[in-house]
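Structural overview
Listed below are the residues making up each chain.
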Amino acid sequence: MITAIILAGGIGSRVGFDKPKQFIEIFDKPVLAYTIEIFQNYLEIDNIEVVCHELWKDYLKDMVQKYNLTKVKWIVNGGETFQDSVINGINHLKNKIHFDDYVLIHYGAAPFTSEKIITDVIRVMKQYGSSFTATPCYQLMGSNDGEKSKTWVNRDNYIQIACPYGFRYSYLLDIYKRAREQGLLEKIEPHTTSLMYALGDTLYQAYGDQTNIKITTKEDLDMFKGYVLMKQQN
């Protein structure tokens, strides 16, 4: 069994709107609805859990009903921080799924993800117990020295990490158990993959491409509008 955890607990302040970015409407439909539909329509996904900002739970429930998102089985309160939200979602599943089942973690404001990406994340996850989508760095990469840049790095040595992340559920629980025991949750950048690096674990790469971005800015929203129009014409 595979459960997708969709993280929708943030406020998305960098976008500059009066609502969280995952609830901004593109062609009269919330970004989060587009994201959930990716997993609703993917045959191997059995359940969806949405970790939602508490003030937006009623809105989410109405959205789930309106768009017939039948795989959404659970709606869980988000936490004070990103890691708190992830932990809330993981812990809520303890009596809902088996330890040998699989979990995908995905951001509610990441609606570009393709079926090809999910397929490869699942393939690698089942082979190694975990996976993440990785995209090569195609642009020249240099140092950021304020208003100038004086050095560059070899882009072939780096990858861009994006969601979804895939895990055997028992391994995901173990990551957060060890991170808590080592006091890492308050020290490490708030991503599960960052905790894995800090713990010395191995990260296994699955297919990724440059379209698989998370909406962070107004420009990203404009890109998504074009993406939706392109999909409608195909």
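Scroll up for the structure.
Note that the structure is predicted; figures quoted are calculated from it, not measured.

In this section: the nonpolar core. Among the nonpolar cores identified, the biggest contains 32 residues, and Ile 90, Val 103, Ile 105, Phe 167, Ile 175 and Tyr 176 are the most heavily contacted of them. Elements that contribute at least two residues to this core include exactly β1 (2-8), β3 (72-77), α3 (82-92), β4 (102-107), β5 (130-136), β8 (159-168), α5 (169-181) and α6 (192-199). If you tally residues by element for this core, the top one is α5, at 7 residues. Filtering out sequence-adjacent residues up to four positions away, Ile 105 remains in contact with Ile 5, Leu 7, Val 86, Cys 163, Pro 164, Tyr 165, Phe 167, Leu 172 and Thr 192.

For the bond from Cys 163 to Pro 164, the omega torsion is 10°, close enough to zero to count as cis. With respect to the helices, strands and loops of the structure, Pro 164 is situated in strand β8. A positive phi angle is found at Phe 27, which is not glycine, with a value near 55°. As for its position among the elements, Phe 27 is in the loop between β1 and α1 (31-40).

Parameters and conventions
Residues numbered from 1 in each chain as written. Predicted model: local features only at pLDDT ≥ 70, side-chain atom pairs only at ≥ 80, totals over all residues. Heavy atoms only, no water. Core = buried A, V, L, I, M, F, W, Y, C linked by side-chain atoms within 4.5 Å. Buried < 20%, exposed > 50% of the residue type's maximum accessible area, 1.4 Å probe, protein only. Helix = DSSP H or I, 4+ residues; strand = E, 2+ residues; numbered from the N terminus. Contact = heavy atoms within 4.5 Å.

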